[in-house]
Amino acid sequence: MGEAREVMDRLTDAVTGHADLKVIGDLYAEDAVAFTPDEGELRGRDAIVEYWRTMTEAVPEATFQTLHSYEAGDTAIDEGVYRGRNTGPLELPNGETLPPTQKEIRIRGVDIATVKDGRIVDYRLYFDEMDFLGQLGLLPPDEPF
């Protein structure tokens, strides 16, 4: 196992179960860049840790089931299923906060982390945001054609 795989596995552990924001912060370079479907581009460790804070507070007991795990040079890639119950407030990009829905979520996604000197310098998270919002009951009902 290479450095990228080891760092990605530590990140997965730090954001699931009982989140550890200090560990999450230690895993990212100070000038790291992340891209997420819901927040877009995040620049710097502090912004990335804040993103993970909001996610881990919204779904504090989340788990991640790895379906596929890869490492190519300095980059680790995971495809898997993120599951949990929304028992904490959900902060929206527009600044609003939604109360917990108590709904179960199951979202398939992909994480890509590029690591230099033991820290993530570039991170990309892909998941279907509409599926996430729909599972939380936050979308209007489908209208028949």
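Going by the structure above, here's the rest.
All values derive from a computational prediction rather than experimental measurement. (Residues numbered from 1 in each chain as written. Predicted model: local features only at pLDDT ≥ 70, side-chain atom pairs only at ≥ 80, totals over all residues. Heavy atoms only, no water.)

Things to note about the side chain of Thr16
Relative to the assigned elements, Thr16 resides in the loop between α1 (3-15) and α2 (21-27). Relative accessible area serves as the criterion here: at 14%, Thr16 is assigned to the buried category. Of note is the side chain of Thr16, whose polar atom sits 2.8 Å from the backbone oxygen of Thr12. With residues up to four places along the chain from it excluded, the contact list for Thr16 reads Ala62, Thr63 and Phe64. (Helix = DSSP H or I, 4+ residues; strand = E, 2+ residues; numbered from the N terminus. Buried < 20%, exposed > 50% of the residue type's maximum accessible area, 1.4 Å probe, protein only. Polar contact = N/O pair within 3.5 Å; in protein donor to acceptor, adjacent residues only side chain to side chain. Contact = heavy atoms within 4.5 Å.)

Let's talk about the environment of Glu91
Counting through the fold element by element, Glu91 comes out in strand β5 (residues 90-91). Considering only alpha carbons, one finds Glu91 and Glu57, 34 residues apart in sequence, at a separation of 9.3 Å. Those residues in contact with Glu91 that sit more than four places away from it in its chain are Glu50, Arg53, Thr54, Glu96 and Thr97. Polar side-chain contacts of Glu91 include one of 2.9 Å to the side chain of Arg53.

Thoughts on the sheet that holds strand β8 (residues 119-127)
Taken in spatial order, the 6 strands make up an open sheet running β2-β1-β8-β7-β4-β3, and their pairing is mixed. A single partner strand is all that each edge strand has here, and the edge strands are β2 (40-43) and β3 (63-72). The average angle at which neighbouring strand axes cross in this sheet is 15°, direction not considered. Those strands touched by α1 are β1 (28-36), β3, β4 (75-85), β7 (104-116) and β8, and its axis lies near 10° from that of β4. (Pairing = 2+ DSSP bridges. Axes fitted to C-alpha atoms, helices over the stretch in contact; angles between N-to-C directions.)

So yeah, pure geometry; function would need other evidence.
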